[in-house]
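# Structural overview for review
For reference, the chains in residue letters:
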Amino acid sequence: AGRQNFSKFDMKKLGEVELSFVQDSADPGSRRSFFTLKCGKGYTEPNVSFIDEHPGGRYNFMFLWADFCDQIPSSVPTVSLALGVGTILLIVFFPAVVLYLVVGVVIQKVRGREGMEIIPNVELWLGFPGLVKDGVGLILSPCCGGGSGGGSYEKL
């Protein structure tokens with residue numbers, strides 16, 4: 001009778017899985033058996049039935065069993081794509097920054113500026129690291145005793 005050397009599971013459609021066995025995958029004329037696995041709510045025991053035979057050695061079977069009802073998906077799983085507030089802010093923020101830079105550079109070029117001056121609000125961006133440092137120092141001063149006043153008010 002030969003031996004089987006190739007098998008494969010395929011989801012053909014919702015609620016059905018096809019299990020195929022091929023006698024010799026290298027030989028196109030070898031016998032192939034296809035079992036369609038379906039949920040059989042009334043079948044407490046496995047029920048295998050022969051469906052038909054096609055020319056060229058293809059044999060189709062139906063395999064019904066109640067145990068398949070929980071294993072084979074009968075509907076497409078739904079995926080929720082709800083976006084959080086942070087995601088929406090990032091989606092809006094980065095294109096807004098790019099638009100700000102492009103429009104700002106175009107405006108500065110029209111005004112005849114060159115070099116570093118074409119960056120919109122260049123003075124603000126050059127001072128930004130110092131502003132961040134001051135902000136971090138202000139936040140950390142109450143808990144770490146930092147700041148210019150040593151953690152207390154200046155005496156009058």
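Keep in mind that this is a model prediction, so the values were computed, not measured. (Residues numbered from 1 in each chain as written. Predicted model: local features only at pLDDT ≥ 70, side-chain atom pairs only at ≥ 80, totals over all residues. Heavy atoms only, no water.)

This part covers the side chain of threonine 36. With respect to the helices and strands, threonine 36 occurs in strand β3 (residues 32-39). Those residues in contact with threonine 36 that lie beyond four places of it in its chain are Glu16, Val17, Glu18, Phe61, Met62 and Phe63. (Helix = DSSP H or I, 4+ residues; strand = E, 2+ residues; numbered from the N terminus. Contact = heavy atoms within 4.5 Å.)

Turning next to the pairing of strand β2 (residues 16-22). Walk down a regular strand and you will see the side chains alternate between the two sheet faces. Most of β2 sits out of view: 6 of its 7 residues are buried. Bridging between β2 and β3 involves 7 bridges; their strand directions are antiparallel. Paired with valine 22 across the bridge in β3 is arginine 32. (Buried < 20%, exposed > 50% of the residue type's maximum accessible area, 1.4 Å probe, protein only. Pairing = 2+ DSSP bridges.)

Right, let's talk about helix α1 (residues 85-110) for a bit. In a regular helix each residue adds 1.5 Å, so 26 residues correspond to 38 Å; α1 covers 37 Å between its end C-alpha atoms and thus fits that length. Glycine 112 occupies a position one or two residues after α1 and carries a positive phi of about 90°. (Expected span 1.5 Å × (residues − 1).)

A positive phi angle, close to 55°, is found at asparagine 121, a residue other than glycine. Inspection of the secondary structure assignment puts asparagine 121 in the loop between α1 and α2 (122-144). We classify asparagine 121 as partly exposed; its relative accessible area is 42%.

Here we come to the nonpolar core. Within the largest apolar cluster, 7 residues are counted, these being Val17, Leu19, Phe35, Leu37, Phe61, Phe63 and Phe68. Every element with two or more residues in this core is listed here: β2, β3 and β5 (58-65). (Core = buried A, V, L, I, M, F, W, Y, C linked by side-chain atoms within 4.5 Å.)

Let's shift gears to the packing of aromatic side chains. One pass over the structure, following the stated rule, counts 6 aromatic pairs. Relative to phenylalanine 61, the ring of phenylalanine 50 lies with its centre 5.5 Å away and its plane at 70°, an arrangement referred to as edge-to-face. Remark: phenylalanine 61 occurs in strand β5 and phenylalanine 50 occurs in strand β4 (residues 47-54); sequence separation between them is 11 residues. Assessed through its relative accessible area of 48%, phenylalanine 50 is described here as partly exposed. Ring centres 6.5 Å apart and planes at 65° place the aromatic pair tyrosine 100 and tryptophan 125 in the edge-to-face group. Taken as a pair, tyrosine 100 in helix α1 and tryptophan 125 in helix α2 lie far apart in primary sequence, 25 residues in all. Each member of the aromatic cluster is reached from another via a ring pair, and the members are Phe35, Phe50 and Phe61. (Phe/Tyr/Trp six-rings, centres within 6.5 Å; stacked < 30°, edge-to-face > 60°.)

Moving on to the confidence of the model for the protein. The pLDDT averaged across the protein works out to 80; a share of 78% of its residues lies at or above 70. Mean pLDDT values for the elements of the protein range from 70 in strand β1 (residues 6-13) up to 92 in α1. (pLDDT = per-residue confidence, 0-100.)

As a further point, take the pairing of β5. In this structure, β3 lies alongside β5, joined through 8 bridges in parallel fashion. What sits directly across from phenylalanine 35, in β5, is phenylalanine 61. Here 7 bridges tie β4 to β5, and the two strands are oriented antiparallel to one another. Following the sheet pairing, phenylalanine 50 is matched in β5 by phenylalanine 61. Two successive antiparallel strands, β4 and β5, enclose a turn made up of 3 residues, where glycine 56 displays a positive phi of approximately 95°.

On to the environment of valine 103, then. In this structure, valine 103 sits in helix α1. In this structure, the C-alpha to C-alpha distance between valine 103 and proline 120, residues 17 residues apart in sequence, is 8.7 Å.

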